[in-house]
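Spelled out, the chains give:
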Amino acid sequence: MKIMKHDNVMNVAKKRGFLWSSFEIYSGVAGFVDYAPLGAILKNNIMNKWRKYYVVGEEFYEIESPTVMPEEALKASGHVDHFTDPLTECKDCMDVYRADHVIEEALDKDVEGLENDKLTEIISENKIRCPRCGGHLNKVWSYHLMFQTLIGAKGKKIGYMRPETAQGIFIPFKRLLRFFRNKLPFGVVQLGKAYRNEISPRQGVIRLREFTQAEAEIFVNPEDKTHPHFSQIAAEKLTLLPASCQMESKDPLEISAQEALDKKIVSSEMLIYQLYLAQKFLRELGIPDEALRFRQHLPTEMAHYAIDCWDVEVQTGRYGWVEIIGIADRADYDLKSHSEYSKEDLRVFIEYDEPKTVNKKIAKPNMSKFGPTFKGAAPQLMEALKETDASTIQDSFQEKGYYPIELDSVYEILPEHVEFAEVEEVVRGEKIFPHVIEPSYGIDRIVYSVLLHSFHEEKDKTYFKLANDIAPVQVSVFPLINKEKLASVAIGIKENLRKNGFIADYDSSGTIGRRYARSDEIGVPYAITVDHESLEDQQVTIRNRDNSEQVRIPISKVENIISKLISSKISFEDL
RNA sequence: GCGGCUGUAGUAUAGUCUGGUUAGUACUUGGGCCUUCCAAGCCUACAGCCCGGGUUCAAAUCCCGGCAGCCGCACCA
């Protein structure tokens, strides 16, 4: 039954202007969609609700970085080298295979991550042939999942369309850290397009080549992954499917946040809190709890740098359980890597609660000998001595009788040049790479899930039961019949609502029943109808989409009541 | 990327096998009539053979290629 639902949902979505496939008059291109007029509002409403959660609620800040990125940045993140699939083609039957998979199958050997040349070598050395026809396999080449482009008029600088928004947050980390006044934890979000040149995207809006992400990067002290509001959510229930359950094919656990933490199912408070937040968000978007679960990545599928990773999955009928949000503890992988490549120090100074005093042996230059011997090089050599552990210098004296320091040339430090001393040093803290907790939302998949799960079919009407705060059109205004006197009153009400910032639609065509049906179909939560009595008593009816109930309210209060209903300050039953 | 199936107004379809009048129907949509609350009725209008090439006097129809969709395989750090 649910499987048919997809087709009905997509039909209505297409017919009424939510989602269209792109470039349709040129036959279209797989992996791209247009957000049609209502879809664009719906998507924006969902993104703005997301902002309310993460920017307003969690006190994170949003940034916006370019979608085109220079090669160096993606080299550092590992995407240039690893965001590829090594492919090989059979010279006879032209079939294409993942080179590493062919080898693994033939030799039962893990070759993931090896260079293409190495893979080619293994194939020829072991005489691995096409699994289907036994033909010779071609040289291994990389299919790159990133869209490449050239930056600048001369086109010399290689650029790529970003494969995720996250990198745009890691790169200006130093400035962000200063913006947050050097204190952990802090969170930065980015909403925007990301690009992946999928080999063969075929699941509509589920797998796109250009898609929208909403990501938060939460930088935390690795020693402190607590969350200040954890106690408030400790009792909340979550549906968790940990790796262990998957391997033993067990059912998911219904478990409280506190329990999940106590049993070490989820690795930190901060991570669980993010799971909870995702659940609350999706719930408010109208996705029922029973269609929602958290699936932990199996050790084999987890990216090599992640400590713990959970996918939020939605039940879809047609595509089964689909990942719509990934919540990962990326540890310090990204910052460390950008630090290495850029030579910038992307660490944070963490001050100890109490300064520590440590006894340290140092090699102090004996200046009366040191200066005359090394002359101009002396200052640099002193600097080098300061950074070297005294015991390695002593060891070198024991072994060779001197300690070499390499600058422009090699200088030999002799025992007479230094004195060793025990000093007491006060250490106030240390520099560390923060860990990153990352909730990453696939907005397009969420839009699809929302449409799918809000779709209702009743007798002779179908409609999207969209939550008030995301419905693209908030209120419809109708004259009961299309007569000048009623119409002008209705148009007046519509104009007034528009002036107050509401998306209000006026419709006078066909019968009133048809107009209600049209309005329901696109999920408009409320309809205002002007009838003949309205002309006398200045009252109109307001109708609730979900149960067709109607209440009479004064025209003068329409704007106020719609406003309160849409913001959920009152419910329809309160009228 | 491979194999199978498919492609006719906004939607659902007839016609394709067996080439031949103006490509038919229903719903939807626009305009109008009627109408005092849930897709009623009547009149009227708009709108279609996925794209390119070939065969033929003549192609929605046959052939080839492309594109897109569905299913299976593969892919989805």
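Residues numbered from 1 in each chain as written. Chains lettered and ligands numbered in written order. Predicted model: local features only at pLDDT ≥ 70, side-chain atom pairs only at ≥ 80, totals over all residues. Heavy atoms only, no water.

K.L.:
Would you mind showing me how to read the packing of aromatic side chains here?
P.N.:
The geometry of an aromatic ring pair is captured by the separation of the ring centres together with the interplanar angle, meaning the angle of the planes. This model, assessed by the stated rule, comprises 22 aromatic pairs. Measuring from centroid to centroid gives 5.2 Å for Tyr-53 and Phe-281, while their planes differ by 80°, and the two rings are edge-to-face. With Tyr-53 in helix H2 (residues 37-57) and Phe-281 in helix H12 (residues 269-284), the pair connects residues that are 228 residues apart, well separated along the chain. Residue Tyr-53 shares its accessibility class with Phe-281, and that shared class is buried. Ring centres 6.3 Å apart and planes at 35° place the aromatic pair Tyr-54 and Phe-60 in the tilted group. Residue class for Phe-60 comes out buried when judged on its relative accessible area of 7%. Cluster of aromatic residues (ring-pair linked, three or more members): Tyr-61, Phe-170, Phe-173, Phe-179, Phe-180, Phe-186 and Phe-219. (Phe/Tyr/Trp six-rings, centres within 6.5 Å; stacked < 30°, edge-to-face > 60°. Helix = DSSP H or I, 4+ residues; strand = E, 2+ residues; numbered from the N terminus. Buried < 20%, exposed > 50% of the residue type's maximum accessible area, 1.4 Å probe, protein only.)

K.L.:
Looking at this model, I keep getting lost on helix H16 (residues 390-400). Mind explaining?
P.N.:
Spacing of three or four residues puts side chains on the same side of an α-helix, whose turn is 3.6 residues. Residues Ala-390, Ile-393, Ser-396 and Phe-397 constitute the buried set of H16. For H16, the angular spread of the buried residues around the axis is 125°, confining them to a single face. Summarising the geometry of H16, the exposed residues directed more than 90 degrees from the buried face are Gln-398 and Glu-399. (Arc of directions from axis to C-beta.)

K.L.:
Is there a simple way to think about the pairing of strand E11 (residues 210-220) in this case?
P.N.:
One face of the sheet, then the other: side chains in a regular strand alternate in exactly this way. Judged by how many residues are buried, E11 sits mostly within the fold: ten of eleven residues are covered. Where strand E10 (residues 186-195) meets E11, ten bridges bridge the pair, whose relative direction is antiparallel. Following the sheet pairing, Val-189 is matched in E11 by Ala-216. (Pairing = 2+ DSSP bridges.)

K.L.:
I tried to follow a nonpolar patch on the surface on my own but got confused; where do I start?
P.N.:
A surface patch of nonpolar side chains, about 500 Å² in accessible area, is lined by Phe-23, Ile-25, Tyr-26 and Val-29. With respect to the helices and strands, the residue Tyr-26 is situated in the loop between strand E1 (19-21) and strand E2 (33-35). Overall, Tyr-26 belongs to the exposed group, its relative accessible area being 66%. (Patch = residues over 30% accessible without salt bridge, like charges linked within 9 Å, V, L, I, M, F, W, Y side chains within 5 Å. Areas by Shrake-Rupley, 256 points an atom, 1.4 Å probe, with all protein chains shown as cover. Salt bridge = Lys/Arg side-chain N within 4 Å of Asp/Glu carboxyl O.)

K.L.:
Help me out: how do you make sense of the sheet that holds strand E28 (residues 550-554) in this one?
P.N.:
Where strands meet in a sheet, backbone hydrogen bonds hold them as pairs that are either parallel or antiparallel. Ordered in space as E25-E24-E26-E27-E28, the five strands form an open sheet in which the pairing is mixed. Both edges of this open sheet fall to strand E25 (504-506) and E28, since each of them pairs with a single strand only. Mean inter-strand twist for the sheet, computed between neighbouring axes without regard to direction, equals 25°. When strand E27 (residues 539-544) meets E28, the two strands line up antiparallel, connected through five bridges. From the neighbouring strand, Ile-542 faces E28, where its bridge partner is Val-551. Running at roughly 170° to strand E24 (residues 475-479), helix H19 (residues 512-521) makes contact with E24, strand E26 (526-530), E27 and E28 of the sheet. (Axes fitted to C-alpha atoms, helices over the stretch in contact; angles between N-to-C directions. Contact = heavy atoms within 4.5 Å.)

K.L.:
I tried to follow the protein's contact with RNA strand B on my own but got confused; where do I start?
P.N.:
Near RNA strand B there are 39 residues, and of these Arg-98, His-101, Arg-514, Tyr-516 and Arg-518 occur at the shortest range. For RNA strand B, the fraction of atoms within 4 Å of the protein that belong to sugar or phosphate moieties is 52%. Within the side chain of Asp-531, an N or O atom sits 2.9 Å from a base nitrogen of RNA strand B. The backbone of Ser-548 places a nitrogen or oxygen atom 2.8 Å from a base nitrogen of RNA strand B. Counting only elements with at least two residues in the surface near RNA strand B, the list comes to H19 and E27. Of all the elements, H19 adds the most residues to the surface near RNA strand B, at six residues. Partitioned by chemical class, the residues of the surface near RNA strand B number nine nonpolar, 14 polar and 16 charged. (Near = heavy atom within 4 Å. Polar contact = N/O pair within 3.5 Å; in protein donor to acceptor, adjacent residues only side chain to side chain. Nonpolar A, V, L, I, M, F, W, Y, C, P; charged D, E, K, R; others polar.)

K.L.:
I keep staring at the pattern of salt bridges and nothing clicks. Help me out?
P.N.:
Any two side chains of opposite charge can pair, so long as their charged atoms come close to each other. Following the criterion strictly, the structure yields 33 salt bridges and no others. Arg-330 is the partner of Glu-438 in a salt bridge, and the nearest nitrogen-oxygen pair spans 2.6 Å. Of this pair, Glu-438 sits in strand E21 (residues 435-442) while Arg-330 sits in strand E16 (residues 321-331), and the two are 108 residues apart along the sequence. Of the two residues examined, Glu-438 and Arg-330, each falls in the buried class. A single salt-bridge network, built from bridges that share partners, covers Glu-164, Arg-330, Asp-334 and Glu-438.

K.L.:
Can you help me understand the sheet that holds strand E4 (residues 68-70) in this one?
P.N.:
Strand order in the open sheet formed by three strands is E4-E9-E8, with antiparallel pairing between adjacent strands. Every other strand in the sheet has two partners, leaving E4 and strand E8 (148-151) as the edge strands with one partner each. Here the strands of the sheet are splayed against their neighbours by 45° on average, with no regard to which way each runs. Bridge count between E4 and strand E9 (residues 157-161): three bridges; the pairing is antiparallel. What sits directly across from Val-68, in E9, is Met-161.

K.L.:
It is not clear to me how the nonpolar core should be interpreted in this structure. Could you clarify?
P.N.:
It is characteristic of soluble globular proteins that their nonpolar side chains tend to be buried jointly. One finds Leu-240, Leu-282 and Tyr-441 to be the most contacted residues of the largest nonpolar core, which totals 74 residues. In terms of residue count, H12 provides more of this core than any other element does, ten residues in total. Excluding anything up to four places from it in sequence, Tyr-441 contacts Trp-50, Tyr-54, Thr-212, Gln-213, Ala-214, Leu-277, Ala-278, Phe-281, Ile-324, Ile-325 and Ile-446. Among the nonpolar cores identified, the runner-up in size contains 20 residues, and Tyr-526, Val-530, Val-540 and Ile-562 belong to it. (Core = buried A, V, L, I, M, F, W, Y, C linked by side-chain atoms within 4.5 Å.)

K.L.:
Quick question: what am I supposed to make of the pairing of strand E18 (residues 403-406) here?
P.N.:
Residues of E18 alternate between two faces, with Tyr-403 and Ile-405 buried on one and Pro-404 and Glu-406 left unburied on the opposite face. As paired strands, E18 and strand E19 (residues 410-413) are joined by four bridges and run antiparallel to one another. Each bridged residue has a counterpart across the sheet, and for Ile-405 the counterpart in E19 is Tyr-411.

K.L.:
Sorry if this is basic, but what is going on with the side chain of Glu-313 here?
P.N.:
On the secondary structure map, Glu-313 appears in strand E15 (residues 308-315). Judged by its relative accessible area of 5%, Glu-313 is buried. Engagement of the side chain of Glu-313 in a polar contact is seen with the side chain of Arg-295, the distance being 2.9 Å. Setting aside residues no more than four positions away along its own chain, Glu-313 makes contact with Ala-291, Leu-292, Arg-293, Arg-295, Trp-321, Val-322 and Glu-323.

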